[in-house]
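Overview (structure and organization)
If you want the building blocks of each chain, they are given just below.
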Amino acid sequence: QYTAEPFVPGGADLPALREAAAGCRGCPLHRDATQTVFGAGNPHGRVMLVGEQPGDQEDRKGRPFVGPAGKLLDRALAEAGIDPAEAYLTNAVKHFKFTQAEPRKRRIHKAPTLREMTACGPWLAAELALVEPELIVVLGATAGKALLGSSFRVTEVRGTVLETEIHGRPERLVPTVHPSAVLRADDREGAYRGLVSDLKTAAQALA
Ligand code: URA
Ligand code: SF4
């Protein structure tokens, strides 16, 4: 059974959690990735955005949402009227999972398994307990499954405000698509409009 649990210090603040997460060996994903990419942003942000896992650039830089998906997300947040200074950004899984045909070839993102998401869950639970956001924006299916269970379907609930208990706490959530999915969409402009529209629902829920 993979789990981050023994690596999560009790009573820690966010900087201490971040430091501890750097040494997490709770599942095999730490072996091939460069480093743990812990959450970042406003430690008391009113909104927490939860993505899937760090991408190639996040893995190199050690910060979430600094690559192409993050740039698109920043633009969509601004357009929806969500102040990035009010946001805490994190991922369901804190290590980059990828395949690589050969060393020095491009590293291609691979979706984490349910076991890996479950293993990494204690970090997300600890972040939620400390940041105490008023609203969680769920970015895509992986984050949704990690937070709401394996029956989560992003198409069924996107752009709506859900209220449910997560890790023993009542939470409000607005699910939407993942910014990487927007970048891959055939109708990129339409997909982007959909993301902004869902984020506007989140902005209204925060108002
Ligand atoms: N995609 C994510 O889900 N998270 C990141 O940090 C970057 C890309
Ligand atoms: Fe630990 Fe999560 Fe990294 Fe697995 S992915 S080693 S559980 S931080």
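Residues numbered from 1 in each chain as written. Chains lettered and ligands numbered in written order. Predicted model: local features only at pLDDT ≥ 70, side-chain atom pairs only at ≥ 80, totals over all residues.

- As named in an unreviewed UniProt entry, the chain is Type-4 uracil-DNA glycosylase, taken from Streptomyces griseicoloratus.
- Word for word, the UniProt comment on the chain under Sequence similarities (unreviewed entry) is "Belongs to the uracil-DNA glycosylase (UDG) superfamily. Type 4 (UDGa) family." (UniProt positions renumbered as here; feature names shortened; annotations may be inferred.)

Details of the sheet that holds strand 8 (residues 169-176)
- With mixed pairing, the six strands of this open sheet are ordered in space as 1-3-2-6-8-7. Looking at strand neighbours, the two that pair on one side only are strand 1 (40-41) and strand 7 (162-166), the edges of this open sheet.
- Looking at chain direction, strand 6 (residues 135-139) and strand 8 are connected through four bridges and run parallel. Within the sheet, the bridge partner assigned to Ile 136 lies in strand 8 and is Leu 173.
- On the sheet, helix 4 (residues 114-131) packs against strand 2 (47-51), strand 3 (87-91), strand 7 and strand 8 and is oriented at approximately 170 degrees with respect to strand 3. (Pairing = 2+ DSSP bridges. Helix = DSSP H or I, 4+ residues; strand = E, 2+ residues; numbered from the N terminus. Contact = placed C-beta atoms within 7 Å. Axes fitted to C-alpha atoms, helices over the stretch in contact; angles between N-to-C directions.)

Comments concerning the UniProt feature "domain: Uracil-DNA glycosylase-like" (unreviewed entry) in the chain
- The sites that UniProt annotates as "domain: Uracil-DNA glycosylase-like" (unreviewed entry) are residues 38-200.
- Between the C-alpha atoms that bound residues 38-200 there is a distance of 26 Å. The span itself is 42% helix and 21% strand.

A few points about the site of ligand 1
- Close contacts around ligand 1 come from 13 residues, with Gly 51, Glu 52, Gly 55, Pro 64 and Ala 69 the closest.
- Along the lines of polarity and charge, the residues of the shell around ligand 1 split into four nonpolar, seven polar and two charged. (Near = placed C-beta within 6 Å. Nonpolar A, V, L, I, M, F, W, Y, C, P; charged D, E, K, R; others polar.)

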